[in-house]
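Residue-level structure breakdown
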Amino acid sequence: MNEHSGRTIDDFRVMKLTEKTIAFPTTKLLPGAKATEAGADELVVSVHSWLIESKGKKIIVDTGIGNHKQRAQAVFNDQNSDFLERLESAGFGRNQVTHVLLTHLHGDHVGWNTLLERGRWVPTFPKATYVMPRASIDHLRGNSDDPLMPLYLDSIEPVISSGQAVLIQPGEEPLEGFQYVSTPGHSRDHCSIILRTPDRTCLFAGDIMHHPVQVQHPELNSVFCASPEMAQLSRHKMLAFAADTRSLYFSSHFAETSVGEVTRSNENFRWTFV
Ligand SMILES: [Zn+2]
């Protein structure tokens, strides 16, 4: 898929905007993987946002790493990319974005919520509503020593202070057609987002998987999964959902087109890029 051409599903136009790709040694990303399962010593992970246009709305699902964020992980630390310029040339100017939908609050998903302006973190999208799971916010507010606190302060708190944040519970539909569903395990309150159109169900499943090898081997957790057993359960649940509903699956980290379909025979799942 050409990044800016995207694809059309009913009234929705969906494009991918890549921020960066990262090659991980296979057993570093998926510690339980055997070389034969992954088929490679190295797995490429893409960090990107999904841009959705529909009926005058401009929606971004997850906002990547961002620039100048101080992070413990070297691959996310102090980036300085042209993501924002490319976002604008894709038709998503800062003042045009109407909604930001966040699957979970990790450093590669909330970064462009804000940008550094005269030494202060300010909302990147001044007119957007930022939708995020409530449970993480409640947790962080009560745990000032949480390792995610720097991320909260530079990427979340500024959009709460500006009155742009909407904190939601799983099951809610913050925007017509888009429903949040609970898929915990990768993080405590990780959510997937289901977009239902008249013709097709689309799934923005966040980090329930990082690489297509996990479709065939759903037992494989990534090194980033906080609760291994819950992550496996959520992965299995959403793979079954994707297969049973013939969903278009918009992954958050697969490379290539990053989009595919899941099929199954009995309990074995298969991935096909589309
Ligand atoms: Zn991620």
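Here the structure is shown first, and the text comes after it.
Attention here is on the structure that accompanies the text. None of the values given here were measured: they were computed from a predicted structure. (Residues numbered from 1 in each chain as written. Predicted model: local features only at pLDDT ≥ 70, side-chain atom pairs only at ≥ 80, totals over all residues. Heavy atoms only, no water.)

The next thing to look at is empty space enclosed by the protein. Per the counting criterion, the structure on display carries one cavity of 30 Å³ or more. The computed volume of the largest cavity comes to approximately 30 Å³. Lining of the largest cavity is provided by W50, V61, D62, T103, F204, A205, G206, F250, S251 and S252. The residue inventory of the lining of the largest cavity, partitioned by class, reads five nonpolar, four polar and one charged. (1 Å grid on protein atoms, 1.4 Å probe; cavity = no way out; pocket = protein on both sides within 12 Å on 5 of 7 lines; lining within 4 Å. Points joined across faces, edges and corners; volume = space filled by probe spheres on them. Nonpolar A, V, L, I, M, F, W, Y, C, P; charged D, E, K, R; others polar.)

The next thing to look at is the coordination of the zinc ion. At this site the zinc ion is bound by D108 (OD), H109 (NE2), D207 (OD) and H253 (NE2), with donor distances of 2.0 to 2.2 Å. The sequence pattern describing where the donors of the zinc ion fall on their chain is D-H-x97-D-x45-H. A residue pair is termed long-range when its members are at least 10 positions apart, and D108 in the loop between β5 (99-101) and β6 (114-117) and H253 in the loop between β13 (248-250) and β14 (259-265) qualify at 145 residues. An identical accessibility class is assigned to D108 and H253; each is buried. (Donors = N, O, S within 2.8 Å, 3.2 Å for Na, K, Ca; no water. Helix = DSSP H or I, 4+ residues; strand = E, 2+ residues; numbered from the N terminus. Buried < 20%, exposed > 50% of the residue type's maximum accessible area, 1.4 Å probe, protein only.)

Quick look at the pairing of strand β2 (residues 12-25) now. Two elements, strand β1 (residues 7-9) and β2, share three bridges in a ladder whose sense is antiparallel. Residue pairing for β2: R7 is matched across the bridge by V14. Between the end of β1 and the start of β2, which pair antiparallel, lie two residues, with D10 showing a positive phi angle near 50°. Examined bridge by bridge, β2 and strand β3 (residues 42-54) share 12 bridges and lie antiparallel to one another. For V14, the partnering residue across the bridge sits in β3 and is I52. (Pairing = 2+ DSSP bridges.)

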